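Structural features, examined
Residues per chain are reported as follows:
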Amino acid sequence: MRHVLLETVASFALAATAAAQSFNIDLHGPTPALVPSPAYGAAAQQPGAWNGFPCTTACDNLVVPLFDLAGGATPVTALVFHLGTVRLCPDPSISGDDEALLENGALLDDFDPAYLAIEHLQPGTYDVYGYAGDACAAPIGPLVMYTYVDEPGHTTHQAREFAGSGWSGGFQEGANFARIRCRVEAGDTLRLHLQAEGRMAQGFQLVLLRGDVHPVCFGTNVFQAFCPCGQEAFGRGCPSSVAPDGAALDGTGHARVAADTLQLTATHMPDAPVLVFQGTQFAGIHTEAAPFGDGFLCASGSIVRIATKTASMGSATYPEANDPPISQRGGVPATGGFRLFQVWYRNAAPFCTSATFNLTNAVAVDWR
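Below is a short write-up of the structure. (Residues numbered from 1 in each chain as written. Predicted model: local features only at pLDDT ≥ 70, side-chain atom pairs only at ≥ 80, totals over all residues. Heavy atoms only, no water.)

Considering the overall build of the chain
Threshold: Each helix is a run of H or I in the DSSP string that is no shorter than four residues. Each strand is a run of E no shorter than two, and both are numbered from the N terminus. Think of it in three bands: with a 1.4 Å probe and only protein chains considered, a residue is buried below 20% of the maximum accessible area for its type, exposed above 50%, and partly exposed in between. The contact definition used throughout considers only heavy atoms, calling two residues in contact when any of these lie within 4.5 Å. Exposure was quantified through the Shrake-Rupley algorithm and a 1.4 Å probe, taking into account, for residues, occlusion by the shown protein chains and nothing else.
Broken down by element type, the chain carries three helices and 26 strands. Relative to its 368 residues, the chain shows a buried fraction of 55%. In the chain, once contacts between residues fewer than 6 apart in sequence are set aside, the share between residues at least 24 apart is 71%. Of the roughly 14,700 Å² that the chain leaves accessible, carbon and sulfur atoms contribute 56%.

With respect to the pairing of strand 12 (residues 177–184)
The test is simple: Whether two strands pair depends on DSSP finding at least two bridges between them.
Burial of strand 12 is extensive: eight of the eight residues sit out of reach of the surface. Where burial is concerned, the two faces of strand 12 agree: the one with Phe-177, Arg-179, Arg-181 and Arg-183 and the one with Ala-178, Ile-180, Cys-182 and Val-184 are both buried. Of the strand pairs in this sheet, strand 9 (residues 124–134) and strand 12 are connected by eight bridges, and their pairing is antiparallel. Paired with Tyr-129 across the bridge in strand 12 is Arg-179.

Comments concerning the side chain of Asp-26
Keep this limit in mind: Under the convention used here, Asp and Glu are negative, Lys and Arg are positive, and both His and the chain ends fall outside the count. We define a salt bridge as a side-chain nitrogen of Lys or Arg found within 4 Å of a carboxyl oxygen belonging to Asp or Glu.
Mapped onto the elements, Asp-26 comes out in strand 1 (residues 23–26). Of the side chains with opposite charge, Arg-87 comes closest to the buried, unpaired Asp-26, at an N-O distance of 15 Å. Filtering out sequence-adjacent residues up to four positions away, Asp-26 remains in contact with Leu-34, Val-35, Pro-36, Trp-50, Asn-51, Gly-52, Phe-53, Ala-100, Leu-101, Asn-104, Gln-202 and Gly-203.

A closer look at the sheet that holds strand 18 (residues 273–279)
Our working rule: Fitted lines through C-alpha atoms serve as axes, helices being fitted only where they are in contact, and the angles separating the N-to-C directions of these axes extend from 0 to 180 degrees.
On the basis of which strands lie adjacent, the open sheet formed by five strands has the order 15-26-25-18-23 and antiparallel pairing. Strands with a single pairing partner mark the edges of an open sheet, and in this sheet they are strand 15 (213–216) and strand 23 (304–310). Strand-to-strand twist across the sheet, computed as the mean angle between neighbouring axes with direction ignored, equals 20 degrees. In the sheet, strand 25 (residues 337–346) pairs with strand 26 (residues 357–367) via nine bridges, with the strands oriented antiparallel.

A short note on the environment of Val-149
When you line up the elements, Val-149 lands in strand 10 (residues 140–151). For Val-149, a relative accessible area of 2% translates into the label buried. Separated by 31 residues in the primary sequence, Val-149 and Ile-118 have C-alpha atoms spaced 9.6 Å apart.

Concerning the packing of aromatic side chains
Applied cut-off: Only rings of Phe, Tyr and Trp enter the pairing, Trp through its six-membered ring, and a pair is recorded when the two centres are within 6.5 Å. The plane angle decides the type: under 30 degrees is stacked, over 60 is edge-to-face, the rest tilted. Each ring is checked for a lysine NZ or an arginine CZ that lies within 6 Å of its centre and within 35 degrees of its normal; such an atom marks a charge sitting over the ring.
In this structure the tally under the stated criterion is 10 aromatic pairs. Taking 5.8 Å as the distance between ring centres and 35 degrees as the angle between the ring planes, the aromatic pair formed by Tyr-40 and Trp-50 counts as tilted. Taken together, the positions of Tyr-40 in the loop between strand 1 and strand 2 (50–52) and Trp-50 in strand 2 put the pair 10 residues apart, joining distant regions of the chain. Its relative accessible area of 0% is what places Tyr-40 among the buried residues. Consider the rings of Phe-171 and Phe-177, whose centres lie 6.4 Å apart with planes at 75 degrees: the pair is edge-to-face. Its relative accessible area of 6% is what places Phe-171 among the buried residues. Each residue in the set Tyr-129, Tyr-131, Phe-171 and Phe-177 is aromatic and connected to the rest through ring pairs, giving one cluster. When the ring centre of Tyr-115 is taken as origin, the NZ or CZ atom of Arg-191, which lies over that ring, is 5.6 Å away.

Details of the nonpolar core
Which entries qualify depends on this criterion: Nonpolar cores were defined as sets of buried Ala, Val, Leu, Ile, Met, Phe, Trp, Tyr and Cys residues, with membership established by side-chain atoms within 4.5 Å.
The biggest cluster of nonpolar side chains holds 37 residues, and the ones touching the most others in it are Leu-83, Ile-118, Leu-190, Phe-204 and Leu-206. If you look at the next biggest cluster of nonpolar residues, it comprises 23 residues, including Leu-264, Ala-266, Val-276 and Ile-306.

Structural notes on the pattern of salt bridges
A complete count under the given rule lists eight salt bridges for this structure. When the shortest N-O distance is used, the salt bridge between Asp-212 and Arg-256 registers 2.3 Å. Taken together, the positions of Asp-212 in the loop between strand 14 (199–208) and strand 15 and Arg-256 in the loop between strand 16 (248–252) and strand 17 (263–267) put the pair 44 residues apart, joining distant regions of the chain. Given the relative accessible area of 8%, Asp-212 is considered buried. Here Lys-309 makes a salt bridge to Asp-323, at a shortest N to O gap of 2.8 Å. With Lys-309 in strand 23 and Asp-323 in the loop between strand 24 (316–318) and helix 3 (326–330), the pair connects residues that are 14 residues apart, well separated along the chain. Lys-309 gets classed as buried once you look at its relative accessible area, which sits at 18%. Using a relative accessible area of 25% as the deciding quantity, one classes Asp-323 as partly exposed. A cluster of three or more residues bridged by salt bridges with shared partners is formed by Arg-183, Glu-185 and Asp-366.

Structure, rendered in structure tokens:
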């Protein structure tokens with residue numbers, strides 16, 4: 001499906017205001033014609049101004065101030081490391097804004113990963129889209145996009161591998177782009193890495209997700225930690241005996257301590273006992289998660305058992321009628337705070353390991 005949004009000036013202005021800390025980045029030479037127009041949303045469906053990098057040959061140790069979707073100045077900067085020779089790879093099958101993003105970029109090296117260090121981002125949860133394609137010839141090996149979030153005392157990592165193939169008439173995740181969700185706190189540096197030989201980096205999109213509740217910590221290959229039984233689809237936990245794409249946890253309602261309407265629902269599970277629990281931080285020291293059973297343990301720190309339920313038709317919800325609110329069960333203070341929620345579920349059927357349980361992805365909640 002071709003994700004090219006043609007917006008009116010008025011609607012574009014409203015979208016830009018609503019996502020002032022989101023960014024579109026095109027890795028290109030200094031020619032303005034090689035930068036997509038503000039009407040272009042690409043795979044993220046995020047129209048707005050595109051930051052073009054002023055590189056004529058290679059990009060290395062270059063600091064670029066980023067402007068937001070409305071074209072306004074921000075305190076956010078991108079420090080570029082090890083982006084190789086700028087290339088233009090004509091493709092007669094694409095034109096317009098698709099061409100501006102995908103036909104040009106910077107060569108990548110398998111042994112010297114290129115990355116952007118993004119500093120001064122607004123705290124929150126981001127979807128990061130990375131674009132990479134063949135550099136005018138047959139590629140040599142797969143391409144991997146990593147995110148590293150440098151926090152005080154430790155670093156969390158996530159990675160996605162994708163084919164990096166040329167344009168096929170539309171954006172396809174795992175082919176010409178990869179997507180990772182990550183969380184950024186105040187003072188963190190987000191590093192975006194692309195690593196491959198025979199390909200070129202074409203661009204990134206950073207989408208700041210709005211609201212209080214966001215699914216995170218998916219079973220996609222977390223850096224140096226892989227699901228025991230393979231990878232899931234974006235937005236779920238690790239595969240189980242009943243769901244090859246993994247079980248999913250999501251939240252609805254508002255995370256307001258004084259008026260708590262938050263409801264968590266887990267799906268794609270066996271009809272078996274489940275445990276909803278809360279943590280105050282991510283489980284891993286060097287990753288968001290730690291292997292646990294057939295899945296990943298994401299929520300750690302100060303653990304609180306919210307409730308036990310029994311899944312019915314693969315689904316379980318908390319709270320239901322007459323259940324205490326989540327903030328009350330979790331002891332969230334009146335001042336609010338960050339919490340992670342996850343669901344443990346029994347999965348005793350023979351699968352790929354001897355473990356008898358698995359977990360959903362996690363949900364990050366900013367209580368207010």
